[in-house]
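# Understanding the architecture of this molecule
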2 protein chains.
Amino acid sequence: MNEQLLLDSIRGVLMRLEETIIFALIERAQFAANPPVYQAGRFGAATGGESLIGYLLHETEHTHARLRRYTSPDEHPFFADLPAPILPALRFDESPLRNNRVNLNAALRRVYETAIVPFMCKAGDDAQYGSSAVCDVACLQALSRRIHYGKFVAESKYRQCAGEFQDALRAGDRAAVLRLITDPLVEERVLKRVELKARTYGQDLDGGPGQVKLDPAHVLAVYSRWIIPLTKEVEVEYLLHACRGQS
Amino acid sequence: MNEQLLLDSIRGVLMRLEETIIFALIERAQFAANPPVYQAGRFGAATGGESLIGYLLHETEHTHARLRRYTSPDEHPFFADLPAPILPALRFDESPLRNNRVNLNAALRRVYETAIVPFMCKAGDDAQYGSSAVCDVACLQALSRRIHYGKFVAESKYRQCAGEFQDALRAGDRAAVLRLITDPLVEERVLKRVELKARTYGQDLDGGPGQVKLDPAHVLAVYSRWIIPLTKEVEVEYLLHACRGQS
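Definitions and cut-offs
Residues numbered from 1 in each chain as written. Chains lettered and ligands numbered in written order. Predicted model: local features only at pLDDT ≥ 70, side-chain atom pairs only at ≥ 80, totals over all residues. Heavy atoms only, no water. Contact = heavy atoms within 4.5 Å. Buried area = accessible area lost by both parts, 1.4 Å probe. Salt bridge = Lys/Arg side-chain N within 4 Å of Asp/Glu carboxyl O. Phe/Tyr/Trp six-rings, centres within 6.5 Å; stacked < 30°, edge-to-face > 60°. Buried < 20%, exposed > 50% of the residue type's maximum accessible area, 1.4 Å probe, protein only. Lys NZ or Arg CZ within 6 Å of the ring centre and 35° of its normal. Least-squares fit on C-alpha atoms with pLDDT ≥ 70 in both. Bend = angle between axes of the 7 residues up to and from the residue. Helix = DSSP H or I, 4+ residues; strand = E, 2+ residues; numbered from the N terminus. Axes fitted to C-alpha atoms, helices over the stretch in contact; angles between N-to-C directions. Parallel < 35°, antiparallel > 145°, perpendicular 65-115°, else oblique. Left-handed = near helix turned anticlockwise from the far one by under 90°. Nonpolar A, V, L, I, M, F, W, Y, C, P; charged D, E, K, R; others polar. Disulfide = S-S within 2.5 Å.

Turning next to the interface of chain A and chain B. Counting from both sides, the interface comprises 37 residues of chain A and, opposite them, 37 residues of chain B. Together, the buried faces of chain A and chain B total about 3,300 Å²; carbon and sulfur atoms form 65% of this surface. Looking only at chain A, the three residues that lose the most surface to chain B are Phe 23, Leu 205 and Asp 206 of chain A, adding up to 17% of its buried area. Between Asp 206 of chain A and Lys 197 of chain B there is a salt bridge; the shortest N-O distance is 2.7 Å.

A few words on the packing of aromatic side chains. Each aromatic ring pair is characterised by the separation of its centres together with the angle its planes make. All names here are of chain A. Considering all chains together, one arrives at eleven aromatic pairs over all chains under this definition. Relative to Phe 152, the ring of Tyr 149 lies with its centre 4.6 Å away and its plane at 25°, an arrangement referred to as stacked. Assigned by exposure class, Tyr 149 and Phe 152 land together as buried. A cation sits over an aromatic face here: Arg 42 above Phe 43, 5.6 Å from the ring centre.

When chain A is fitted to chain B, the residual RMSD is 0.0 Å, and the transformation amounts to a turn of 180° plus an axial shift of 0.0 Å. Each copy turns onto its partner about a two-fold axis. Within chain A, Tyr 201 of chain A has its C-alpha nearest the rotation axis, a separation of 2.6 Å. Looking at the interface residues of chain A, 100% of them are also at the interface in chain B, so both copies use one shared face.

Moving on, we get to helix H3 (residues 105–120) of chain A. Largest kink in H3 of chain A: about 40°, centred on Tyr 112 of chain A. Among the residues of H3 of chain A, those classed as buried are Asn 105, Ala 107, Leu 108, Arg 109, Tyr 112, Glu 113, Ile 116, Val 117 and Met 120 of chain A.

Let us now look at the packing of helix H1 (residues 3–28) of chain B against helix H5 (residues 150–160) of chain B. All names here are of chain B. The geometry of H1 relative to H5 is characterised by a closest axis approach of 10 Å and an angle of 150° between their N-to-C directions. Between H1 and H5, the angle falls in the class roughly antiparallel. When the axes of H1 and H5 are compared, the crossing they make is left-handed. On H5, the residues touching Glu 3, Leu 6, Leu 7, Ile 10 and Leu 14 of H1 are Phe 152, Val 153, Ser 156, Arg 159 and Gln 160. Here the contact of H1 with H5 is built from residues that sort into six nonpolar, two polar and two charged.

Non-glycine residue Ala 127 of chain A carries a positive phi angle of around 70°. With respect to the helices and strands, Ala 127 of chain A occurs in the loop between H3 and helix H4 (129–148). On the accessibility criterion, Ala 127 of chain A (26% relative accessible area) is partly exposed. Unlike most non-glycine residues, Asn 34 of chain B shows phi in positive territory, near 50°. With respect to the helices and strands, the residue Asn 34 of chain B is situated in the loop between H1 and helix H2 (52–66). When its relative accessible area of 0% is taken as the criterion, Asn 34 of chain B is described as buried.

Moving on, we get to the state of the cysteines. Taken as a whole, this structure holds zero disulfides over all chains when the rule is applied. Not part of a disulfide, Cys 121 of chain A finds its nearest cysteine sulfur in Cys 139 of chain A, a span of 8.2 Å.

Looking at the element boundaries, Val 177 of chain A is found in helix H7 (residues 174–181). Remark: the alpha-carbon pair of Val 177 of chain A and Glu 237 of chain A, spanning 60 residues in sequence, is separated by 9.4 Å.

Here it is, written out as structure tokens:
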């Protein structure tokens, strides 16, 4: 795949993922924050000492692993102890990524449970634990796909100007790599687009004029405070790891 | 719960479910129809002879049953061989429904696989079997919840004018019951609202003006051809069963 095709393809995936993420956040925001969903051991031995969300995420990944989800280069599991696929392996187009084991799902899950849910859901407990957890799994999977797409973004940026990255990567200079992959204009464009989408899809067409199912400002903040920074962290980690792998 | 409260509550749930259904259909329509997902035995012994969607739906219901999903009076499983909940039982508000075993999921699944998917997805095979099946499960669960909410609708209609139903129910006259529960004005209002929602949420804001992710006419047809008729079938079945249970 040539560089322009790669870049267009990455851009297309990231834009379509915005819909998936916004729909998933709107669905989750129907329910209260429901703190018991995230408390480890809250439901005793039945969930293996995990929280309810941990239990459901683990069970879901178990099933999806059998359907070869995690053989795809843009999918990253939250759990390591997953079974082998039962479906025959798909032949993927040769991945443009270099070998790496970057997986920031532990950080994503922490941020999601402790910051994003309390921020976007109404406080309190409406007893809709199962429904909340099912929505959480959809959110976490979409967010994980989004932030780890940073690997493709980073690879594409690197290929465009490998020379500029060399010193910073050789020195393992995280801050310098972060500066090199940061493009404030692109970030601004993403946020504008996300705001428009959140405003459009988050309307409460059954409520009065101006009523919303989820405040667009909240979606915007989820992107600016958490999704974009975590994506950039993936980009930096990927470049540092992939570079180390080559030397 | 008094009659007006019951009616308002039913209406609120059905309206909010429109969002869930439309989001789920839009997500599924990203992928091609992918016929292999629905072919029994296509993936051999690994899926227990089931189709891929049957396998994933079964596994998902297995997990959700443990989270007590099917103890809720508005949830109906597609499979019968599910494990007991591991979460303590929730105390639901006393259900307004009378005892019944009406479950039209087999018909829903048939209609979904053989009519809705080929109708709304672009024809062909893009090899995204796992992603398609994950979206299918979300669609089927939302659609099942929608059509079986017909039980609450029917109970509410019955309570408003039990007298009018008596002869038809005693005679088991399906056509007469169907006439009694049919309200063309309400159906028209639902379709208008669904069309507006589908047009709003289905916009492709990354494409040119007028571009859509899923044609609103397709969503409308899903409602008018399949969701509304199946809901009415649930209503009729429920009234006939519940009535038989009482006599």
